[in-house]
Amino acid sequence: MAKRVAIVGAGATGLASIKCCLEEGLKPTCFERSDDLGGLWRFTEHVEEGRASLYKSVVSNSCKEMSCYPDFPFPEDYPNYVPNSQFLDYLKMYANRFNLLECIQFKTKVCSVRKRPDFTATGQWEVVTLCEGKQESAIFDAVMVCTGFFTNPNLPLDSFPGINNFKGQYFHSREYKHPDIFRDKSVLVIGMGNSGTDIAVEASHLAKKVFLSTTGGAWVISRVFDSGYPWDMVFMTRFQNTFRNSLPTPIVNWLIAKRMNSWFNHANYGLIPEDRVQLREPVLNDELPGRIITGKVLIKPRVKEVKENSVVFSNTPKEEPIDIIVFATGYTFAFPFLDETVVKVEDGQASLYKYIFPAHLPKPTLAVIGLIKPLGSLLPTGDTQARWAVRVLKGVIKLPPSSTMIEEVNERKKNKPSGFGLYYCKALETDYITYIDELLTAINAKPNLFSLLLTDPRLALAIFFGPCTPYQFRLTGPGKWEGARNAIMTQWDRTFKATKTRIVQESPSLFASLLKVFSFLALLVAIFLIFL
């Protein structure tokens, strides 16, 4: 009899988990507390308890070729960076294509997930749910938690002396939906992540004045990168990843700073990160420098004190009148339906082996999918996590002893620099390609470049030097997609189709032709040197 698997949440990673279970012959039941799928990508006018919330203008930070499911490309006519409404449509297409809806129970809240009394022998869980006032209990052989980490706002009011005396309006960015509330107001946005920067830029089109307060600064990059290509299709290649990881961290940081400052000098705009040793997630925003240079957004240091109708920033005695304060101060995460003995959250992280399995459980029958912040798209990351996790749940892959897993988790928590490559500042942040390859290797699904060089050199070159698109992850191994090769070889066609809405006749250039020949020869030399 097929193992029964409970899946909590029908967002992007929940849908991937359902599909991976079906691929492996398991029987998934997904519980979704709202009335529709989509999770983070489903916009609503009002904040819903227990659900991620986004504002109307949200656009993906990873382009469509880098953020799709590995066996389901976005439609060709979609823009390269996808608005949330179209992203939701895409998720619905995916669910319909693979018949996932029949596995989802909507308007069903998971109240508790508890180990059965015979857990050490069976690994089974009792899942208690609530639907339309009726509580039910069911037994499952395994559980996959896909609730994400954008549901519990972090609102550190104690760090802002005088906030209780403030007579204006203040709220967390989770509550923000439209910029109309900022019209003719003096606005302060605290926190310079992607949401804080987006909100400050949007507010600057309507507000009287906008301040963006940052404690540590940040690198800001545009979605439009070299020669107008999507940033992640240029930055996320296996060649560049191998090159970065072979260099000492100080040199990598210098190269990153040089690249980031090629758009604009961050120091001249008050944005340069104070800590340039550890890499913080860069801010993706196409407008911020333009809003700063025209005086529409003013970058400020941390808030020293909040008064009735104004604030005082550190290093300056001047009071700035403020009507609205937006706290874009991030999120914490928790699993209210799980006992702390199963998954305990401490200091913004959990003791999960490979960011997925609780290391101490005697039976590896509970997996957390999507609780990770790779420098890349979460959607293909979640799909790869689910593929690996499902094979563990099925018993095809055996995990190491608990002591070994706990030791690895503790080492990761220490976040010690290796001395080479990028050094991430937070425990949940990790190297995208390295992490994905680790999981792919475990399921024998990592592309073998040596073999491909002999059998399919064009594909090998595209995989190594081209963007590390998700199609590579289903090129081989369990869950292999027959269309993967074609998707890789046509990825730039789909990218250009979204922007070439006016056909331009280009004159052939002898110089360009010679350059292509020399570039190809250079690639061959580089491959020879790397694999020598």
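One numbering rule holds for all chains: residues counted from 1, following each sequence as written. Thresholds applied to this predicted model are a pLDDT of at least 70 for local features of residues and 80 or more for the giving and counting of side-chain atom pairs; totals over whole chains, interfaces and linings are not thresholded and use all residues. As a rule here, side-chain values come from all non-hydrogen atoms in the structure, and water together with hydrogens is ignored.

- By the naming in an unreviewed UniProt entry, the protein is Dimethylaniline monooxygenase [N-oxide-forming], taken from Bos mutus grunniens.
- Listed under Cofactor (unreviewed entry) in UniProt, the entry text for the protein is "FAD".
- Under the heading Subcellular location (unreviewed entry), UniProt records this for the protein: "Endoplasmic reticulum membrane". UniProt positions are given in the numbering used here, feature names are shortened, and annotations may be inferred rather than shown by experiment.

## Some words on the sheet that holds strand 15 (residues 303–306)
- For two strands to pair, DSSP has to find at least two bridges joining them. Secondary structure counts use DSSP, requiring at least four H or I residues in a row for a helix and at least two E residues in a row for a strand, with both numbered from the N terminus. Here we have 3 strands laid out as an open sheet, ordered 15-16-17, and antiparallel in their pairing. If you trace the sheet from one side to the other, it starts and ends with strand 15 and strand 17 (319–321), each paired once. Neighbouring strand axes in the sheet, compared pairwise and without regard to direction, differ in orientation by 30° on average.
- Note that strand 15 and strand 16 (residues 310–313) share 3 bridges and pair antiparallel. The residue bridging valine 306 from the neighbouring strand is valine 311, located in strand 16. Structural elements are reduced to axes, namely lines fitted to C-alpha atoms, with helices fitted over the stretch in contact, and the angle between N-to-C directions of any two is expressed from 0 to 180 degrees.

## Re the environment of threonine 404
- Following the sequence through the fold, threonine 404 ends up in helix 10 (residues 402–414).
- Expressed as a C-alpha distance, the spacing of threonine 404 and tyrosine 353, which sit 51 residues apart in the sequence, is 9.6 Å.

## Re the pairing of strand 1 (residues 4–8)
- Only protein chains enter the accessibility calculation, which uses a 1.4 Å probe; a residue whose area is less than 20% of its type maximum is buried, one above 50% is exposed, and one in between is partly exposed. Taking burial as the measure, the 5 residues of strand 1 include 4 buried ones, the bulk of the element.
- Summarising the sheet, strand 1 and strand 2 (residues 27–31) pair through 5 bridges and their orientation is parallel. Bridged to arginine 4 within strand 2 is lysine 27.
- The parallel pair strand 1 and strand 2, bridged by helix 1 (residues 12–23), forms a crossover whose chirality is right-handed. Note on handedness: a clockwise path from strand one over the helix to strand two, with the strands aimed away from the viewer, defines a right-handed crossover.

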